[in-house]
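Spelled out, the chains give:
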Amino acid sequence: MLKDVVEVYPLDGYRLRLRFEDGTEGVIDVSQLVPFTGVFAPLRDRTEFLSVRVNPELGTVCWPSGADLDPDVLYSLASGEALPSYEETANSD
């Protein structure tokens, strides 16, 4: 299912507007995905959160602190498509 994130725009709160390589767009609330602890702790600072960028090598969003988000999870939330299960992936080999 891997679809790369190609654009990101931070919105109010901890929301991001994302666009994927296939044209799918959606708004994701990061605060609903991760606890702001560990590598995500710096994102509590609005300035750090606003420094979000697309990492074209990873195909997802990342921050200078080293935090990034799984592009499959982001695409699933933006598109409404279910994440592939591990069993489906393992059985397709």
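Heads up: these notes are all about the structure in this document. (Residues numbered from 1 in each chain as written. Predicted model: local features only at pLDDT ≥ 70, side-chain atom pairs only at ≥ 80, totals over all residues. Heavy atoms only, no water.)

**Here's the deal with the overall build of the chain**
Link 1 in the chain: On a plain count of helices and strands, the chain comes out with three helices and five strands.
Link 2 in the chain: For the chain, the α and β elements follow one another from N to C terminus as β-β-β-α-β-β-α-α.
Link 3 in the chain: Taking 93 residues into account, the globule formula puts the C-alpha radius of gyration at 12 Å, and the chain, at 14 Å, falls close to it.
Link 4 in the chain: Along the longest, intermediate and shortest principal axes, the C-alpha atoms of the chain span 45 × 30 × 25 Å.
Link 5 in the chain: For the chain, the proportion of its 93 residues judged to be buried stands at 31%.
Link 6 in the chain: A separation of at least 24 residues holds for 42% of the contacts in the chain among residues at least 6 apart in sequence. (Helix = DSSP H or I, 4+ residues; strand = E, 2+ residues; numbered from the N terminus. Rg over C-alpha atoms; globule rule 2.2 N^0.38 Å. Buried < 20%, exposed > 50% of the residue type's maximum accessible area, 1.4 Å probe, protein only. Contact = heavy atoms within 4.5 Å.)

**Some points on the nonpolar core**
Link 1 in the chain: Judged by nonpolar contacts, the single largest core of 20 residues is most densely connected at Leu-16, Leu-18, Val-61, Trp-63, Leu-69 and Leu-74.
Link 2 in the chain: Those elements that place two or more of their residues in this core are strand E1 (5-10), strand E2 (15-20) and helix H2 (71-79).
Link 3 in the chain: Among residues more than four places away in sequence, those in contact with Trp-63 are Leu-16, Leu-43, Glu-48, Phe-49, Ser-51, Val-52, Asp-68 and Leu-69. (Core = buried A, V, L, I, M, F, W, Y, C linked by side-chain atoms within 4.5 Å.)

**A word on the side chain of Glu-48**
Link 1 in the chain: Within the secondary structure, Glu-48 sits in helix H1 (residues 46-50).
Link 2 in the chain: Within the buried core, Glu-48 has no salt-bridge partner, and the shortest N-O distance to an opposite charge, that of Arg-53, equals 10 Å.
Link 3 in the chain: If sequence neighbours within four positions are ignored, Glu-48 has contacts with Pro-42, Leu-43, Trp-63, Pro-64 and Ser-65. (Lys, Arg positive; Asp, Glu negative; His and termini not counted. Salt bridge = Lys/Arg side-chain N within 4 Å of Asp/Glu carboxyl O.)

**Topic: the packing of aromatic side chains**
Link 1 in the chain: Under the definition given, this model contains four aromatic pairs.
Link 2 in the chain: Centroid distance Tyr-14 to Phe-49: 5.3 Å. Interplanar angle 90 degrees. Geometry classified as edge-to-face. Residue Tyr-14 is found in the loop between E1 and E2, and its partner Phe-49 is found in helix H1; the two are separated by 35 residues along the sequence.
Link 3 in the chain: You can call Tyr-14 partly exposed: its relative accessible area is 24%.
Link 4 in the chain: A relative accessible area of 0% places Phe-49 in the buried class.
Link 5 in the chain: What links up through ring pairs into an aromatic cluster is the set Tyr-14, Phe-36, Phe-49 and Trp-63.
Link 6 in the chain: Taking NZ or CZ as reference, Lys-3 lies 5.6 Å from the ring centre of Tyr-75, over its face. (Phe/Tyr/Trp six-rings, centres within 6.5 Å; stacked < 30°, edge-to-face > 60°. Lys NZ or Arg CZ within 6 Å of the ring centre and 35° of its normal.)

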